[in-house]
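Spelled out, the chains give:
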Amino acid sequence: MAELDINWVRAQFPAFAEPSLQGQAFFENAGGSYTCKPVIDRLTRYYHQRKVQPYGPYEASRLAGEEMDEARRRLAAMMGVETDELSFGPSTTQNTYVLAQAFRQYLTPGDAIVVTNQDHEANTGPWRRLADEGLEIREWQIDPDTGHLDPTKLDDLLGDGKVKLVCFPHCSNVVGEVNDVAAICAKAKSAGAFTCVDGVSYAPHGLVNVDALGADVYLFSAYKTYGPHQGIMVIRRALGDVLPNQGHFFNADALYKKFTPAGPDHAQIAASAGMADYFEALATHHRITGNPATIAAGAHDLMRAHEARLLQPLLDYLTSKNSVRLLGPAQAENRAPTVAVAAQANGADLAERLAPLGIMAGGGDFYATRALRAQGVDPDHGVLRVSFTHYTSEAEATKLIESLDSVL
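To start, this report covers the structure provided alongside it.

Thresholds, definitions, all that
Residues numbered from 1 in each chain as written. Predicted model: local features only at pLDDT ≥ 70, side-chain atom pairs only at ≥ 80, totals over all residues. Heavy atoms only, no water. Salt bridge = Lys/Arg side-chain N within 4 Å of Asp/Glu carboxyl O. Helix = DSSP H or I, 4+ residues; strand = E, 2+ residues; numbered from the N terminus. Buried < 20%, exposed > 50% of the residue type's maximum accessible area, 1.4 Å probe, protein only. Pairing = 2+ DSSP bridges. Phe/Tyr/Trp six-rings, centres within 6.5 Å; stacked < 30°, edge-to-face > 60°. Expected span 1.5 Å × (residues − 1). Arc of directions from axis to C-beta. Contact = heavy atoms within 4.5 Å. Axes fitted to C-alpha atoms, helices over the stretch in contact; angles between N-to-C directions. 1 Å grid on protein atoms, 1.4 Å probe; cavity = no way out; pocket = protein on both sides within 12 Å on 5 of 7 lines; lining within 4 Å. Points joined across faces, edges and corners; volume = space filled by probe spheres on them. Parallel < 35°, antiparallel > 145°, perpendicular 65-115°, else oblique. Left-handed = near helix turned anticlockwise from the far one by under 90°.

**Let's talk about the pattern of salt bridges**
Opposite charge on two side chains allows them to pair when their charged atoms are near.
And then number 1: With the rule as written, the count across this model stands at 24 salt bridges.
And then number 2: Its salt-bridge partner being E70, residue R74 comes within 2.8 Å of it at the nearest N-O pair. Here the residue R74 and the residue E70 both occupy positions in helix α3 (residues 59–78), the gap between them amounting to four residues, near one helical turn.
And then number 3: In this structure, R237 and D84 form a salt bridge, with 2.7 Å as the shortest nitrogen-oxygen distance. Of this pair, R237 sits in helix α9 (residues 237–240) while D84 sits in the loop between α3 and β2 (86–89); the two residues are 153 residues apart in sequence, bridging distant segments of the chain.
And then number 4: With a relative accessible area of 31%, R237 lands in the partly exposed category.

Printed below as a string of C-alpha cells:
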C-alpha cells in the first residue's frame, strides 16, 4: 500500500493555510475536524446559487435538489448501502433520540435493550430513558482497568432471548479501542436482536462498509468527518420498514425521511457531497480505483496506516510516564488516535497549559462520564484528551510529545 501523501492531504484543508492558525497544532479533532475544501466550495456555491426551496421546476431549485440527492447517493454507495438507507439529521444526538422514540413505540414492556458504559452519553442516554416505559435496560460493562468491552460478556446478557436491541460504540471517545463490530453484530443477530452502532469516534478515521459490518444502524457526525454540522444515520431497510414513522405522515413510505421529523438543512446536506469528493480525490491521488465502496476502503486504509505510524510513539511516551495513566490500549494497531490521559492535574488545566505552546487540545469528561467512572476517574477532575486524524503531520506529533513533556 502506498504511503499517505501528507502534503497533498493538507493542501485540501484551507485551515492549514489560514494565517491565524499558523503555529497551532490541532489535537482536538475528536470534538470536530477541520473542513475540507470541496465541502466549503459546495456550501458557498449553494448559498450563492441554490438557496431556494429544492425540488421545484425552476433551474436553481432543480439543482438544489439534485445536489442534496447526490450527497445521499454517493455517501451511501461508499458505505455499501442503498441510497434511501442513509439520512441526514441536525446531529447524531438528535438522530439517536428520534430513533429511541421509534423503538419506544415498537418494543413492548418486558423487552430488553443492551447499552454499554463505554459510550458517549448521546448513544446511551436516550436508550436508558426507555426504562421509564417499562423496557429493561441491561448494561454491558467495560473492564475497569483497561476499558475493554469484552464480547464474551455479551453472551450472558443475550441469553434469555428478551434483548431486542444492542447499542454500542465502534470505539469510545475516551478509551479509543476499536471494538469488533462485525463479530458483535453477528452475535446479536444470532440472538434475535438488532444493533445500533455509534460510529462518531471512528468515522473520522475512514468510512466503513456498513453492509460488511452487519450493523442495522450506524451513526456518525459529518462535522467530525471533514464536513458540515450534520448527523448521518444509516438504517438498513429490514429494520427501517418495521419501525414506526417519526416524520410527517405523508413521508412514512420514504425510508430516508421517516426518522427525520425536523426540516432538513438543505445547504449542509448538499455540501456533504464534498466529503465524497474528498475521499474520491484522495483515492485517485494515491492510484486507488474501483467502485465507491472500494475507493472508500482504500482511503480508509491509507488514513489508518498514517495515523497508526504517528500514534505509536505517543502511546510509548505516555506509558513511560509514571505520573499519568493512559486510558485504553497502549498499541496503535487496534485503537483510534483519540488518546485520553488521567493525571494529578485536572484535564482542563492541562489543556490550558498546552495552549500557549501551540497545542490545541481538550480537557474534561467529554460526555463520557460513565466510562470515566467505570475506570476510576472522577469526571469532575476529567482527563486530558489529544486526538488527531490523517491530516496531522509527523512534525505536529513530535511537537505534541515535546509539549506534553513540559507540562506533565
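**Quick notes on the pairing of strand β13 (residues 383–387)**
And then number 1: In terms of residue burial, β13 counts as a mostly covered element, since five of its five residues are buried.
And then number 2: Note that strand β10 (residues 338–343) and β13 share four bridges and pair antiparallel. Bridging from a neighbouring strand, V339 pairs with V386 of β13.
And then number 3: Sheet topology places strand β12 (residues 362–364) next to β13; three bridges connect them, and they run antiparallel. Looking at β13, one finds that G362 is bridged to R385.

**Some remarks on the packing of aromatic side chains**
And then number 1: Scanning the model with the defined rule gives 19 aromatic pairs in all.
And then number 2: Geometrically, the ring pair formed by F13 and F16 is edge-to-face, given 6.4 Å between the ring centres and 80° between the ring planes. Exposure class is identical for F13 and F16. Each is buried.
And then number 3: Between Y226 and F279, the ring centres sit 6.4 Å apart and the planes meet at 65°, which makes this aromatic pair edge-to-face. In this pair, Y226 sits in the loop between β7 (217–221) and β8 (231–235) while F279 sits in helix α11 (residues 273–285), placing the two residues 53 residues apart along the sequence.
And then number 4: For Y226, a relative accessible area of 0% translates into the label buried.
And then number 5: Given the relative accessible area of 2%, F279 is considered buried.

**What about helix α15 (residues 394–407)?**
One turn of the α-helix equals 3.6 residues, which is why residues spaced by three or four share an orientation.
And then number 1: Counted at 1.5 Å a residue, the expected span for α15 with its 14 residues is 20 Å, and the 20 Å between its end C-alpha atoms agrees.
And then number 2: Here α15 has its buried residues at E396, A397, L400, S403, L404 and V407. End-on, the buried residues of α15 take up no more than an arc of 125°, which puts them together on one face. Relative to its buried face, α15 has exposed residues pointing more than 90 degrees away, namely A395, E402 and S406.
And then number 3: Structurally, α15 contributes buried residues whose contacts are with α1 (6–11), β1 (25–26), α12 (292–319), α13 (347–354), β11 (359–360) and β13.

**With respect to the sheet that holds strand β3 (residues 112–116)**
And then number 1: Sheet architecture is open: seven strands sit in the order β2-β8-β7-β6-β5-β3-β4, paired in mixed fashion. The sheet terminates laterally at β2 and β4 (136–140), the two strands that pair on one side only. Averaged over neighbouring strand pairs, the angle between their axes works out to 20° when direction is ignored.
And then number 2: Direction of pairing for strand β5 (residues 163–169) relative to strand β6 (residues 194–198): parallel, over a ladder of five bridges.

**Quick notes on empty space enclosed by the protein**
And then number 1: A full pass over the atoms with the stated rule returns one cavity of 30 Å³ or more.
And then number 2: Around the largest cavity, the lining residues are N29, A30, V200, S201, P204, H205, T338, S387, F388 and T389.

**Focus on the packing of helix α2 (residues 37–50) against α3**
Each pair of packed helices gets described by two things: the angle between the helix axes and the distance between those axes.
And then number 1: The geometry of α2 relative to α3 is characterised by a closest axis approach of 10 Å and an angle of 155° between their N-to-C directions. As judged from the angle between their axes, α2 and α3 are roughly antiparallel. In this structure, the crossing between α2 and α3 has a hand that is left-handed. Taking contact as the criterion, the partners of R42, R45, Y46, Q49 and R50 in α2 are, on α3, A60, L63, A64, E67, M68, E70 and R74.

On their own, these measurements won't tell you what the molecule is for.
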